[in-house]
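What the coordinates show
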Amino acid sequence: MIGRKVPNVTFRTRVRDEAVGGPNPFRWQDLTSDDYFKGKKVVLFSLPGAFTPTCSTYQLPDFEKLYSEFKAEGIDEIYCISVNDAFVMNAWGKSQGLENVKLIPDGSGEFTRKMGMLVSKDNLGFGMRSWRYGAVINDGVVEQWFEEEGYSDNCDSDPYGVSSPQNILEKLKEKKAA
């Protein structure tokens with residue numbers, strides 16, 4: 001994965017637009033991989049699903065809390081991607097009170113599939129979802145890779161640790177000190 005360019009994908013997002021009016025003032029906006037990754041150094045982390053226990057209790061809130069520490073290490077943005085649609089991702093972000101971490105909806109799983117991280121979670125009734133991983137991506141190229149152990153379809157467990165914000169931050173600091 002290291003040295004590999006992220007796949008070129010168009011993401012279907014929903015953005016707030018007061019001009020739309022009404023109780024749901026959002027419109028569709030297509031954003032590409034270049035919109036998210038070109039000319040920036042970012043942390044991307046992926047997880048099996050919005051609103052799921054580990055993702056909502058630890059991973060996403062801890063990335064949000066540690067945002068300023070990532071910025072101090074030269075990270076421009078932190079992105080969370082999941083095989084969920086824009087409606088689900090927006091509702092999750094709102095429920096989490098996000099201010100810093102940006103959510104990327106990979107509703108069709110195209111980006112996740114092209115990253116080689118799409119797995120079946122039929123055993124949980126989820127269908128196709130992302131394996132949990134993290135990456136430091138510089139101008140669209142993977143510099144550091146953090147994949148949880150045991151990549152497989154219908155995994156009985158949900159490993160979490162390698163892609164935790166604490167581990168990624170520690171590795172960024174080590175690389176800077178080296």
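Rules behind the numbers
- Residues numbered from 1 in each chain as written.
- Predicted model: local features only at pLDDT ≥ 70, side-chain atom pairs only at ≥ 80, totals over all residues.
- Heavy atoms only, no water.
- UniProt positions renumbered as here; feature names shortened; annotations may be inferred.
- Helix = DSSP H or I, 4+ residues; strand = E, 2+ residues; numbered from the N terminus.
- Buried < 20%, exposed > 50% of the residue type's maximum accessible area, 1.4 Å probe, protein only.
- Axes fitted to C-alpha atoms, helices over the stretch in contact; angles between N-to-C directions.
- Parallel < 35°, antiparallel > 145°, perpendicular 65-115°, else oblique.
- Contact = heavy atoms within 4.5 Å.
- Nonpolar A, V, L, I, M, F, W, Y, C, P; charged D, E, K, R; others polar.
- Salt bridge = Lys/Arg side-chain N within 4 Å of Asp/Glu carboxyl O.
- Polar contact = N/O pair within 3.5 Å; in protein donor to acceptor, adjacent residues only side chain to side chain.

Under the annotation held in an unreviewed UniProt entry, the protein carries the name Glutathione-dependent peroxiredoxin and is attributed to Allorhizobium terrae. Under the UniProt heading Catalytic activity (unreviewed entry), the entry covering the protein gives this text: "a hydroperoxide + 2 glutathione = an alcohol + glutathione disulfide + H2O". Here is the UniProt Function (unreviewed entry) comment for the protein, exactly as written: "Thiol-specific peroxidase that catalyzes the reduction of hydrogen peroxide and organic hydroperoxides to water and alcohols, respectively. Plays a role in cell protection against oxidative stress by detoxifying peroxides."

Look at the UniProt record and you will see "active site" (unreviewed entry) annotated at C55. Within the element layout of this structure, C55 appears in helix α2 (residues 53–65). Overall, C55 belongs to the buried group, its relative accessible area being 0%.

The next thing to look at is the packing of α2 against helix α6 (residues 165–177). Running from amino to carboxyl end, α2 crosses α6 at an angle of 40 degrees, the nearest separation of the two axes being 9 Å. Between α2 and α6, the angle falls in the class oblique. Judged by residue contacts, Q59, D62 and F63 of α2 engage P165, Q166 and I168 from α6. The residue makeup of the contact of α2 with α6, split by class, is 3 nonpolar, 2 polar and 1 charged.

A word on the pattern of salt bridges. Under the definition given, this model contains 11 salt bridges. Note that R27 and D17 form a salt bridge whose closest N and O atoms lie 2.8 Å from each other. With R27 in strand β2 (residues 26–32) and D17 in the loop between β1 (10–16) and β2, this residue pair connects regions lying 10 residues apart in the sequence. Its relative accessible area of 34% is what places R27 among the partly exposed residues.

Summarising the element assignment, R14 is placed in strand β1. Among the polar contacts made by the side chain of R14, one reaches the main-chain carbonyl oxygen of F26 at a distance of 3.4 Å. When sequence neighbours within four positions are dropped, the list of residues in contact with R14 reads N24, F26, R27, W28, A86, F87 and N90.

Moving on, we get to the side chain of N167. Looking at where N167 falls in the secondary structure, it is placed in helix α6. Once residues lying within four places of it in the same chain are set aside, the contact partners of N167 are F146, G161 and V162.

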